[in-house]
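Residue-level structural notes
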Amino acid sequence: MKVFASWGRFVFRRRWWVLSGSMVMVVIASAVLSMGGHLRENQRVPTEAGQAGDLIDRELNQGPPSTDFGLVFRSTRLSAASAPFRAAMLQALAPLQHDAHVTRIVTPYTSPANPDPRLISRDQHSAVADVVIGDSFDNAKAYYPSLRALVHSDVLTVEATGGLPIDHDYNQLLNEGLARSNSVALPLTLVLLLLVFGTLIAAALPLAIGIFTVMGATAVALVLSRFTDISPTSTEFVAFLGLGLAIDYSLFIVNRFREELGAGRPVADALATTMATTGRAIVFSGLTVMAGLSGLFFYSGTWLAEIAAPLVGLVALTLFFGMTLLPASLALLGHRVDSWRMPIPRRRRPGGFWHRLATWVMRRPWLVLVPTLGLVVLAASPLADLNLATDHGSSLPISAESRRGSDALLSSFPQLTQATIPVVVRYDDQQPLSAQHVGELYDLSRRIGAIPDVVAIDSIVGAAPRLDRASFVRLFSAPRSSWSQALSDAAHRSIGSDVAVLVVSTNQQGQSEGARQVVRSIRAISGSVHGQMLVSGDAAYDMDETAWLIGRTPQALGFVIGSTFLILLLLLGSVAMPIKAVVTNLLSMSVAFGAMVWIFQQGHLAGLLGFSPAPIDPTVPVAMFCVVFGLSMDYEVFLLTRVQEEYLRSGDNAHAVALGLERCGRLVTFAAAIMVTVFASFALGDVTVIKMVGLGTAIAIAVDATVMRGLIVPAVMVLMGRANWWAPRWLRLGTGGVAPREALVPAQPVASKAGLAGSENAA
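Bear in mind that the values here come from a model prediction, so they are computed numbers and not experimental data.

It is worth spelling out the packing of aromatic side chains at this point. Aromatic ring pairs are reported here in terms of the distance separating the ring centres and the angle at which the planes meet. Tallied over the entire structure, the rule returns 12 aromatic pairs. When the ring of Phe-298 is compared with that of Phe-559, the centres are 5.5 Å apart and the planes differ by 50°; the resulting orientation is tilted. Separated by 261 residues along the polypeptide, Phe-298 in the loop between helix 9 (267–294) and helix 10 (303–323) and Phe-559 in helix 20 (residues 538–572) bring together distant segments of the chain. The exposure class assigned to Phe-559 is partly exposed, which follows from its relative accessible area of 35%. Between Tyr-299 and Trp-548, the ring centres sit 6.4 Å apart and the planes meet at 75°, which makes this aromatic pair edge-to-face. Of the two residues, Tyr-299 is situated in the loop between helix 9 and helix 10 and Trp-548 in helix 20; the sequence distance between them amounts to 249 residues. Exposure class is identical for Tyr-299 and Trp-548. Each is buried. Aromatic rings pair up to connect Tyr-249, Phe-252 and Phe-638 into one cluster. Residue placement shows Arg-446 over the ring face of Tyr-442; its charged tip is 3.8 Å from the ring centre.

What follows is the structure, given as structure tokens:
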């Protein structure tokens, strides 16, 4: 604590220098923001499906990169086979034909003599065009909006769908949701700060720190994007996490500073005490938040890892401004921090409710603890029905064009959305057409063909359906010059230097459970070939990515929980307190996850919040855990450090808990209310994944700041008694459980240093 008290005194003496130095960071951030940057995702999870896809691209797709998107044309009165429908569709597509980016457009009418029935809907009132762009997906994203703007019709309804339209709508809705949420969160936050402090200056300081922190963290994300992939989603997380966290930390520091001034202490001593107590608490709290966010680094190759660095940088900036700009501003303001008082009634009995609540709980701990834990378990029970599945556009609202187009394909063009499952067999001997391998491929294709829901297999051993196994072996032993054109085309499509590919077609939808079952059945027969067999396709990608995320989670959880425990162990000098903090955090999160399943998967509030019920994307619980675990620990850190401070004064455990809650309870309530307001405003956005994270985080924080801190924590602490503060000899508090105030804040009279008293009076 002496280090933090000394820092407070240093900031007071050099307040103009500290203030100027921290404002340089704000200027640099503003300059970086003005230059802009390009945030992009590059998800490359190391999975079997991904490895198979890479082999296909390397061995068989030797041409230039290409990307495509679909356009669904609909009419309520015209038939897709009619001449007016055809003329209107081709007229709408004509501008694309002349665009240099477009290499090919496939429609039902591409071959007039033989229209493709797959591109016409079952009700005969819709048709699909496939627009192929001769460029990579990342490059095509930049000019897709201009391509889409070229297509319009006065006769037909046109809706775009596919990867490019979904990505475009997703990012556009994210930005719109951020602006909408900010317009609500910022005014409400200011109102709450005014209610806490009652003065405009004190309320404005945390809000200003929050805005500066968000600016700096966004600038960090833009700088990092020049060297690595940073997800566009990071700006959404930075905005709200930065605003909430910076305001929380500033709230506690400003309040403690005003409390010390109110106790009659000089400005220098008040700032030193504030830094030695609350300043120390926010540093350790920031470390726990960093530990939680660092868990995201374990998911390299996903958007989770791409938001990790900006978020960790955000917490570092929050601590930087909280330990420099804010205390320097307080040193300059001094008692003027209470200027511009608002006409808000002041409390006559500060903290009385929380003191009475803690006392009431501690008189009957078991009576409170048992039913409270029962309610927590009940609230978390929907978590048992958790169903994980990768999001493929269902996170977008029905109002999004790409979502409507995707739904139209699923409902009216089932033949286009049925799952295709590439099966890649890789041979170390680089002889995929040897007699042994051809025979094995023939057997494999027949075994796959016998799997339920498999309707066709395109492979080298299917080019001549009338031939048997022995005939295929003899045929491929002959020179290529003797092969038929059909056989040569099949070899070109499916045979590489060391791979053979079988493309399995099913009657199941692309990412459905039926398609996943086909993938499982194919993988179950992998031992029938003398080579490495890999299964790809959308269903396989989803299964593998989910399994990969689940497989990485124990490591991430272990790191987050273990590092948080160690940080709290060093902060509190107690073994029991970190364990209790981790357990109560996990209880809060279990309630939040249960609510997330109840709301978003089971759809109980779908109409109110405007989303379609669907399985939970596996990245959402991971993101929530890493973000919420650190944030929820904030209030635990502030409460326990204040309880510890009172315990060191008196050595009375029950008195320390009651007084700690009295001093922190109201502030924790308002701090949590601000954080809940900020994160709940996520629900105003249109992207379901963001709604989930925001609302889930808000619920976790609300439960943590009320049920856990107000009921469970005092009940557990009174039951444990002095065992709360037990630690091994090397970690024990050197004061034996009782410490004078000087142990917390080293006495250093202001008047003892020349010039210091004068500068204080000037403040």
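Having put the structure on the table, let's press on.
Moving on, we come to the sheet that holds strand 3 (residues 126–133). Sheet strands pair via backbone hydrogen bonds, and the direction of the pair is either parallel or antiparallel. Spatial strand order, 2-3-1-4: 4 strands in an open sheet with antiparallel pairing. In this open sheet, the two strands that pair with only one neighbour each are strand 2 (102–106) and strand 4 (157–161). Across the sheet, the mean angle separating the axes of adjacent strands is 25° when strand polarity is ignored. Strands in contact with helix 6 (residues 163–197) are strand 1 (67–74), strand 3 and strand 4; relative to strand 1, the strand with the most contacts, it is inclined by about 85°.

Turning to helix 13 (residues 365–380), a few remarks are in order. The terminal C-alpha atoms of helix 13 lie 22 Å apart, and with 16 residues this matches the ideal 22 Å at 1.5 Å per residue to within 8%. Residues Pro-365, Val-368, Leu-369, Thr-372, Val-376 and Ala-380 constitute the buried set of helix 13. For helix 13, the arc enclosing every buried residue in end-on projection is 90°, short of the 170-degree limit, so these residues lie on one face. Along helix 13, the residues that are exposed and aim more than 90 degrees away from the buried face are Trp-366, Leu-367, Val-370, Leu-375, Val-377 and Leu-378.

So, on to the packing of helix 20 against helix 23 (residues 619–650). As a packed pair, helix 20 and helix 23 sit with axes 12 Å apart at the nearest point and diverge in direction by 10°. It follows that helix 20 is roughly parallel to helix 23 by the angle criterion. Residues Leu-549, Thr-553, Leu-557, Val-560, Ile-561, Thr-564, Leu-568, Leu-571 and Leu-572 of helix 20 form the contact with helix 23, whose participating residues are Thr-619, Val-622, Phe-625, Phe-629, Met-633, Val-637, Leu-640, Thr-641 and Gln-644.

Before going further, it helps to spend a moment on the sheet that holds strand 8 (residues 532–535). Taken in spatial order, the 4 strands line up as 6-7-5-8 in an open sheet, and their pairing is antiparallel. Every interior strand has two partners, whereas the edge strands, strand 6 (454–458) and strand 8, have only one. For this sheet, the mean angle separating the axes of adjacent strands, direction not counted, is 20°.

Our next topic: the nonpolar core. Membership of the largest hydrophobic core comes to 157 residues, with the highest contact counts inside it found for Leu-293, Leu-296, Leu-311, Leu-330 and Phe-600. Of the residues forming this core, the biggest block, 18 residues, is contributed by helix 23. Contacts of Leu-330, omitting those with residues within four sequence positions, involve Leu-205, Ile-253, Val-254, Phe-257, Leu-271 and Val-337. In this structure, Tyr-442, Leu-502, Ala-515 and Ile-525 belong to the second largest nonpolar core, which totals 38 residues.

Here Gly-262 shows up in helix 8 (residues 233–262). Owing to a relative accessible area of 67%, Gly-262 belongs among the exposed residues under this scheme. As for Gly-262 and Ser-612, which are separated by 350 residues in sequence, their C-alpha atoms are 53 Å apart.

Attention now moves to the environment of Asn-653. Within the fold, Asn-653 resides in helix 24 (residues 653–680). Along the sequence, Asn-653 and Leu-330 sit 323 residues apart, while their C-alpha atoms lie 33 Å from each other. Apart from residues no more than four positions distant in its own chain, Asn-653 is found in contact with Tyr-647, Met-717, Val-718, Gly-721, Asn-724 and Trp-725. At 3.0 Å, the side chain of Asn-653 forms a polar contact with the backbone oxygen of Met-717. A polar atom in the side chain of Asn-653 sits 3.3 Å from the side chain of Trp-725.

Reading the values: the criteria
- Residues numbered from 1 in each chain as written.
- Predicted model: local features only at pLDDT ≥ 70, side-chain atom pairs only at ≥ 80, totals over all residues.
- Heavy atoms only, no water.
- Phe/Tyr/Trp six-rings, centres within 6.5 Å; stacked < 30°, edge-to-face > 60°.
- Helix = DSSP H or I, 4+ residues; strand = E, 2+ residues; numbered from the N terminus.
- Buried < 20%, exposed > 50% of the residue type's maximum accessible area, 1.4 Å probe, protein only.
- Lys NZ or Arg CZ within 6 Å of the ring centre and 35° of its normal.
- Pairing = 2+ DSSP bridges.
- Axes fitted to C-alpha atoms, helices over the stretch in contact; angles between N-to-C directions.
- Contact = heavy atoms within 4.5 Å.
- Expected span 1.5 Å × (residues − 1).
- Arc of directions from axis to C-beta.
- Parallel < 35°, antiparallel > 145°, perpendicular 65-115°, else oblique.
- Core = buried A, V, L, I, M, F, W, Y, C linked by side-chain atoms within 4.5 Å.
- Polar contact = N/O pair within 3.5 Å; in protein donor to acceptor, adjacent residues only side chain to side chain.

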